[in-house]
Amino acid sequence: MTERRARDVVGLVVGVSGLIATGIRSRSGPGETEQRIFYAAHRLLPQSVYPLAWWPMQYGTFGAVPGLAFVALSRRHARLAAAIAIGGTSAWIGAKGVKLIVGRERPHRILGGVRIRGKEEAGLGFPSGHAAVSASITTASVPYLGTLSGAASMAMAGYVCWARMYVGTHLPLDVAGGAALGVAVGSLANLILGVEPP
């Protein structure tokens, strides 16, 4: 097994394990530590920052999947385009399925003092679909990126996790579980398709 494939296997195992662990913990409700982390992220910046915070958060939307897959394809990275498309779509659909299994409500329904910034999200909270999609895109893309670009992509995925708490739609375990799901499906996509040589 090559080092590249070994990394994807590790990513798959760690992602699945993280999703299971956070899902089990989420079923018992937010503990004191999780609540502290949520409120710290939620109250870090004032309401006035929301319009600026919204734009980069779109890296975690389903719309980013075909957009970035098209960019990869236009640069003649067919396997990367396919990995983004397969991984991102699987993350988006998978998050919806796991929500039904775990059944965790969103923050404003179980905690006090939560301010919804933007449109109130429908449905359940765990795992975060935004976190799953952004982590999947990043995981699929990093093998093709340079050091700085790869770090920027990982920073964007981390930003999406924070932003989902800032806008009041997800708790810390929601975004951690979503990120774990994204790492798992992004790694699996690269395992199945293989990574193009530079």
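Residues numbered from 1 in each chain as written. Predicted model: local features only at pLDDT ≥ 70, side-chain atom pairs only at ≥ 80, totals over all residues. Heavy atoms only, no water.

Peer 1: Honestly, the environment of Gly11 in this entry has me stumped. Any pointers?
Peer 2: Mapped onto the fold, Gly11 is located in helix α1 (residues 3-26). Look at Gly11 and you get buried, because its relative accessible area is 12%. (Helix = DSSP H or I, 4+ residues; strand = E, 2+ residues; numbered from the N terminus. Buried < 20%, exposed > 50% of the residue type's maximum accessible area, 1.4 Å probe, protein only.)

Peer 1: Explain the environment of Val142 here, please?
Peer 2: Examined against the element boundaries, Val142 turns out to sit in the loop between α7 (129-141) and α8 (147-166). Overall, the relative accessible area of 29% leaves Val142 in the partly exposed class. Linking Val142 and Tyr50, residues 92 residues apart in sequence, is a C-alpha distance of 28 Å. Contacts of Val142, omitting those with residues within four sequence positions, involve Gly150 and Met154. (Contact = heavy atoms within 4.5 Å.)

Peer 1: What should I look at first to understand the pattern of salt bridges in this one?
Peer 2: In the structure shown here, the tally under the stated rule is five salt bridges. Note that Glu34 is salt-bridged to Arg104, the shortest N-O span being 2.7 Å. Linking Glu34 in helix α2 (residues 32-42) with Arg104 in the loop between α5 (78-102) and α6 (107-110), this pair joins segments that are 70 residues apart in sequence. No difference in accessibility class separates Glu34 from Arg104, as the two residues are buried. (Salt bridge = Lys/Arg side-chain N within 4 Å of Asp/Glu carboxyl O.)

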